[in-house]
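Observations on the model geometry
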Amino acid sequence: MRNIIQFYFAFLLLFNCGKLEPNPDDNHQDVKSGESTTQKANDFAIVIHGGAGTILKKNMTSEKEAEYKAKLEEAIRMGHTILKNGGSSLDAVEKTINIMEDSPLFNAGKGAVFTNAGTNELDASIMDGKTLNSGASAGTKTVKNPINLARRIMDDSPHVMMAGDGADSYAKEQGLEIVSPEYFFTEGRLKSLERAKDREKVELDHNDQKAAFYDADIKDSKYGTVGCVALDKHGNLAAGTSTGGMTNKRFGRVGDTPIIGAGTYANNATCAVSGTGWGEYFIRGTVAHDISAMMEYKGSTLEEASVEVIQKKLTNLGGTGGIIAVDKNGNMMMEFNTAGMYRATMNDKDELNIEIYSKKE
Ligand code: ASP
């Protein structure tokens, strides 16, 4: 009798547990494994951008165009050599971005744009696809190469992101190269700020609600952020992005560039992505992570995911800009909804491709 009672209670217990425990199969649909069906395209590969925007051939001199192309080539060759020699994608990304940060041509490092307060506040981030470790810095004013600070935060601190004075002082403590804020002064960027402020006045006079915190002459201008994504011979992906933000942004404003998942993302299971464009929309749309997530959860190819997120999601939100990406098989993508994007790719056959304007033009 005692055995029968014990068995009865054990049965009740099991039955109730079964009822109380949520059954994961009850409330979601099957998800694909995310294994990309594409073949290995390259053992290693690198893609860079120098910003997207309304970059039109008719507004460009052939000298300027040659200058941009030469700098893009110098930058991508740096990372490509590292990858070819068996180096890591993280090193390739960092060193490639350094070259663009040191050039006044791009809105990153030396060529950073001005805030509404006449200051330069720089943002950067880097991500390791192998470990998902990442580092980011926001609003620094004295760090010559913010991508190096992002890397240092990732490698040597317990944090992912540091901002403002704390980030500047951490960089100094770590022995990174520090410059005076005047280092970032360039005549061209000051003119852009003046134009932006003039336009702001006009917009206020007309009681237009739209604040001209972004580059006033977006028509003749571009965003100019720099980014790099790479796949190394060991199968590791990395992504990095560095920027001065947007001309006439309110001081203290932080864009998508240092936000992991918005402007930068890397995951060895899927792809590495770096974005450029109107940062507020990239943050709202979690653009970089969305591309990876489509591959991971939906089994999309890199191309399908990039087109969907840029041409549909970002565009429908009202955002402008683009991304560069490389997947775990070495497939490369450059997708944007603006008239142009400074960009280049290089594969494991040493084939170099540099472009500026949209092919639709
Ligand atoms: N995405 C950057 C920002 O909003 C700007 C850019 O890409 O040039 O700060």
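Before reading further, recall that the structure is shown in the block above.
First, a word on what this report is: a plain description of the structure on this page. (Residues numbered from 1 in each chain as written. Predicted model: local features only at pLDDT ≥ 70, side-chain atom pairs only at ≥ 80, totals over all residues. Heavy atoms only, no water.)

Looking now at the pattern of salt bridges. Within the structure shown, the criterion is met by 17 salt bridges. A salt bridge links Glu67 to Lys64, with the nearest nitrogen and oxygen atoms 3.5 Å apart. With Glu67 and Lys64 both in helix H2 (residues 62-84) and 3 residues apart, the pair spans about one turn of that helix. The exposure class assigned to Glu67 is partly exposed, which follows from its relative accessible area of 39%. Of the charged contacts, one joins Arg343 and Glu355 as a salt bridge, the two residues approaching to 3.1 Å between their closest N and O atoms. Linking Arg343 in strand E11 (residues 340-346) with Glu355 in strand E12 (residues 352-357), this pair joins segments that are 12 residues apart in sequence. The class of Arg343 is buried, set by a relative accessible area of 3%. Among the residues examined, Glu355 registers a relative accessible area of 16% and is labelled buried. (Salt bridge = Lys/Arg side-chain N within 4 Å of Asp/Glu carboxyl O. Helix = DSSP H or I, 4+ residues; strand = E, 2+ residues; numbered from the N terminus. Buried < 20%, exposed > 50% of the residue type's maximum accessible area, 1.4 Å probe, protein only.)

This part covers the packing of H2 against helix H3 (residues 89-101). Contact geometry of H2 with H3 gives a least axis separation of 8 Å together with a crossing angle of 160°. Classified by the interaxial angle, the pair formed by H2 and H3 is roughly antiparallel. For the element pair H2 and H3, the recorded crossing hand is right-handed. On H3, the residues that touch Lys71, Leu72, Glu74, Ala75, Ile76, Met78, Gly79, Ile82 and Leu83 of H2 are Ser89, Asp91, Ala92, Lys95, Thr96, Ile99 and Met100. Of the residues belonging to the contact of H2 with H3, the class tally is 9 nonpolar, 3 polar and 4 charged. (Axes fitted to C-alpha atoms, helices over the stretch in contact; angles between N-to-C directions. Parallel < 35°, antiparallel > 145°, perpendicular 65-115°, else oblique. Left-handed = near helix turned anticlockwise from the far one by under 90°. Contact = heavy atoms within 4.5 Å. Nonpolar A, V, L, I, M, F, W, Y, C, P; charged D, E, K, R; others polar.)

Spatially, E4-E3-E2-E6-E5-E1-E11-E12 is the arrangement adopted by the 8 strands of the open sheet, whose pairing is mixed. Only two strands of the sheet have a single partner each, and these edge strands are strand E4 (161-163) and E12. Ignoring strand direction, the axes of neighbouring strands in this sheet form an average angle of 5°. The pairing of strand E1 (residues 45-53) with strand E5 (residues 226-231) spans 5 bridges and is antiparallel. Within E5, the position partnered with Ile48 by the bridge is Cys228. Here helix H5 (residues 164-173) sits on the sheet and contacts strand E3 (134-140) and E4; the angle it forms with E4, its principal contact strand, is near 110°. (Pairing = 2+ DSSP bridges.)

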